[in-house]
Amino acid sequence: VEEKDFPTAFDMLAAGRYRVSERSAVTVSKPGGEVSATALNDIVVVREMSGHASALDLKVDGRDATRYMADGIIVATPTGSTAYSLSAGGPVLMPDSASFVVTPMNPHALGVRPMVVSDDARFTVTSCPRANAGAEKLGVYADGRNVFLLEGGESAEIAKAGRGVPMVELEGYDPYAVLSRK
């Protein structure tokens, strides 16, 4: 709700003219470790130190999916698909889509595009050495908060959180209207 609409929103809340929906959240951890962070919008894995592209191997449900030569990748929920992922060229996912989007950041190949995957998928992102140099240090961020660093050969595991995030939707909420305004 925009600030100018606060009085109307408070009236609607007081009158019970809303519903609570559950939005998907995503977790990130190091393999074998406990969950390190949960995010409503996205998990970002991005180069930290140099101006060189990073090599990132992506596995989906334990299967090799692709190797990205890019600044990093964004794994976004439907809620996060209209934020950083959209700015990086990713598609918009509707809140009830039961999917995630993997969006490469500044990929160094013409044919690399975002990938939409079921939100039941489990992702493993691994920092790999480049052909002419070692692996880049990668920062792992959950909704913009630094969670941990990946050194060469280390991985991050990303998956749907065990529970979602409750969101209040005022009577008349229409995600398509919100998208149109943006």
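Below or above, wherever it landed, is the structure these notes cover. (Residues numbered from 1 in each chain as written. Predicted model: local features only at pLDDT ≥ 70, side-chain atom pairs only at ≥ 80, totals over all residues. Heavy atoms only, no water.)

**Comments concerning the overall build of the protein chain**
Applicable threshold: Working definition: helices are DSSP H or I runs of at least four residues, strands are E runs of at least two. Numbering for both runs from the N terminus. Here the term buried applies to any residue with accessible area under 20% of the maximum for its type, exposed to any over 50%, and partly exposed to those in between, with areas from a 1.4 Å probe on protein chains only. By definition in these notes, contact holds between two residues if any of their heavy atoms fall within 4.5 Å. Per-residue and other accessible areas were derived by the Shrake-Rupley procedure at a 1.4 Å probe size, with only the shown protein chains allowed to occlude residues. Note on charges: Lys and Arg go in the positive column, Asp and Glu in the negative column, and His and the chain ends are not counted at all. By convention, charge coordinates are those of NZ in Lys, CZ in Arg, CG in Asp, or CD in Glu.
Regarding its fold elements, the protein chain presents 3 helices and 14 strands. Principal-axis analysis of the C-alpha atoms gives the protein chain an extent of 60 × 35 × 25 Å. Going through the 182 residues of the protein chain one by one, you find that 40% of them count as buried. Here the contacts in the protein chain between residues at least 6 apart in sequence split such that 67% fall between residues at least 24 apart. Put simply, the protein chain shows about 9800 Å² of open surface, and 50% of that area lies on carbon and sulfur atoms. The centroid of the 18 positive side-chain charges in the protein chain is displaced by 3 Å from the centroid of its 23 negative side-chain charges.

**Observations concerning the nonpolar core**
To be explicit about the condition: Each nonpolar core is a collection of buried residues, namely Ala, Val, Leu, Ile, Met, Phe, Trp, Tyr and Cys, held together in the definition by side-chain atoms within 4.5 Å.
Within the largest apolar cluster, 26 residues are counted, with the highest numbers of intra-cluster contacts made by Val-45, Phe-123 and Ile-158. Among residues more than four places away in sequence, those in contact with Phe-123 are Leu-58, Lys-59, Val-60, Val-75, Phe-100, Val-102, Val-117, Ala-156, Glu-157 and Ile-158. Membership of the second largest hydrophobic core comes to 7 residues, among which are Val-46, Ile-74, Ala-76 and Met-105.

**Brief notes about unusual backbone geometry**
Of note in the backbone geometry, Ala-98 takes a positive phi value of approximately 50 degrees without being a glycine. In this fold, Ala-98 is placed in the loop between α2 (84–87) and β8 (99–105). Judged by relative accessible area, which is 42%, Ala-98 ranks as partly exposed.

**What about the pairing of strand β2 (residues 26–29)?**
Just so we agree on the cut-off: Between any two strands, at least two bridges found by DSSP are needed for them to pair.
The side-chain alternation of β2 yields two buried faces, one formed by Val-26 and Val-28 and the other by Thr-27 and Ser-29. Two strands pair when backbone bridges link them, and β2 and strand β3 (residues 37–39) are joined in this way by 3 bridges, in the antiparallel orientation. Paired with Val-26 across the strands is Ala-39, a residue of β3. Across 4 bridges, the pairing between β2 and strand β13 (residues 155–160) is antiparallel.

**With respect to the packing of aromatic side chains**
Two aromatic rings are characterised by how far apart their centres lie and by the angle between their planes. Inclusion rule: To pair, rings of Phe, Tyr and Trp, with the six-membered ring standing in for Trp, must have centres within 6.5 Å; the planes then decide the type, stacked if under 30 degrees apart, edge-to-face if over 60, and tilted in the middle.
Enumeration over the complete set of coordinates arrives at 2 aromatic pairs. With a centroid separation of 6.4 Å and an interplanar angle of 50 degrees, the aromatic rings of Phe-100 and Phe-123 are classed as tilted. Taken together, the positions of Phe-100 in strand β8 and Phe-123 in strand β10 (residues 123–128) put the pair 23 residues apart, joining distant regions of the chain. Like Phe-100, the residue Phe-123 is buried in the burial classification.

So, to be careful, I would describe these as geometric facts and stop short of saying anything about function.
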